[in-house]
Amino acid sequence: MAALKRLDQTLSNLGYCSRREVRIWLRDKRIRVAGELTKNAALKVDPASVTVDDKPLEHPGDILIMLNKPLGYVCTHDSNEGQRIYDLLPEIWLGRSPQVVSVGRLDKDTTGLILITDQSALVQQLTSPKKHVDKVYRVTVEEPLQPVIIEQFAQGVQLSSEPQPCLPATLEIVAEHTAVVTLNEGKYHQVRRMFAACGNHVVTLHREQFGQYTLGDLAPGEWRDVI
Ligand code: URA
């Protein structure tokens, strides 16, 4: 079990309020520890034993969730860039420390599975090029798919302005304009650029799987815990 933290630090790290405000909330009798009122902001607590306004704390432990990202949402924290994936999550998470971040990114026009966590070590692990984590995309394209593209992907597509070709990728043609592509790297706009390099154009791009995690029947805009 992680080292216990002070009550004021616990609540501020979970995005509830500032450490100064905790003293006001304690005075207003809004906070209980193991069912008991306390006045001690420095009390070392197990977050699972704390309630605010008689409600348990929201995700008192680590966060790892999957979200089915809808079309048009961005994976940045910058609210000037439009609707953010973070706007689909509990608002209180925006105030958490460590910050809640996505594991890699999907383009604004891409839908599907994105993992979100507050554990930076996990982000490193799942996005490290050395770990070769598989990502599976369902892609629709403008031009009819020709069987030759299977071999082009398997050989490693050379993207413009990249020193090395992409790693070998698997492409399965499932309909005239639809393919399922499995990659284990994550270059910028990689799938769109791979199809462009093969003379086609991606119309829709949807991630179905990231490593061991699959979307299942999770609806667009919905999320669920994966730990
Ligand atoms: N490849 C892309 O081109 N875009 C994404 O969002 C993900 C993979």
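Residues numbered from 1 in each chain as written. Predicted model: local features only at pLDDT ≥ 70, side-chain atom pairs only at ≥ 80, totals over all residues. Heavy atoms only, no water.

This paragraph deals with the site of the ligand. The local shell around the ligand consists of Leu106, Asp107, Thr110, Tyr137, His189, Gln190, Val191, Arg192 and Leu205. Separating a nitrogen atom of the ligand from a backbone N or O atom of valine 191 is a distance of 3.1 Å. A distance of 3.1 Å separates an oxygen atom of the ligand from a polar atom in the backbone of arginine 192. Computed on the free molecule, the ligand has an accessible area of 240 Å², of which 95% lies beneath the protein chains in the complex. Among the elements that line the shell around the ligand, the one with the most residues is helix H5 (residues 190-197), at three residues. Broken down by class, the residue content of the shell around the ligand amounts to four nonpolar, three polar and two charged. (Near = heavy atom within 4 Å. Polar contact = N/O pair within 3.5 Å; in protein donor to acceptor, adjacent residues only side chain to side chain. Areas by Shrake-Rupley, 256 points an atom, 1.4 Å probe, with all protein chains shown as cover. Helix = DSSP H or I, 4+ residues; strand = E, 2+ residues; numbered from the N terminus. Nonpolar A, V, L, I, M, F, W, Y, C, P; charged D, E, K, R; others polar.)

This part takes up the side chain of arginine 96. Following the sequence through the fold, arginine 96 ends up in the loop between strand E7 (64-69) and strand E8 (101-102). There is a polar contact of 3.0 Å between the side chain of arginine 96 and the backbone oxygen of glycine 61. Apart from the residues within four sequence positions on either side, arginine 96 is in contact with Asn13, Leu14, Gly15, Glu58, His59, Gly61, Ile63 and Asp118. (Contact = heavy atoms within 4.5 Å.)

Another aspect to go through is helix H3 (residues 120-127). Turning to H3, its buried residues number three or more, namely Leu122, Val123 and Leu126. Angular distribution of buried residues about the axis of H3 spans 105 degrees; they occupy a single face of the element. Exposed residues on H3 whose side chains face more than 90 degrees from its buried face are Ser120, Ala121 and Gln124. Where H3 is buried, its residues touch E7, E8, strand E9 (110-117) and strand E13 (202-210). (Buried < 20%, exposed > 50% of the residue type's maximum accessible area, 1.4 Å probe, protein only. Arc of directions from axis to C-beta.)

Here the focus is the sheet that holds strand E3 (residues 36-37). Two modes of strand pairing occur in sheets, parallel and antiparallel, and in both the strands are linked by backbone hydrogen bonds. As summarised here, the arrangement of the four strands in space is E3-E2-E5-E6, forming an open sheet in which the pairing is antiparallel. Each end of this open sheet is capped by a strand with a single partner; those strands are E3 and strand E6 (55-56). Sheet analysis places strand E2 (residues 31-33) next to strand E5 (residues 50-52), joined by three bridges and oriented antiparallel. Bridged to arginine 32 within E5 is threonine 51. (Pairing = 2+ DSSP bridges.)

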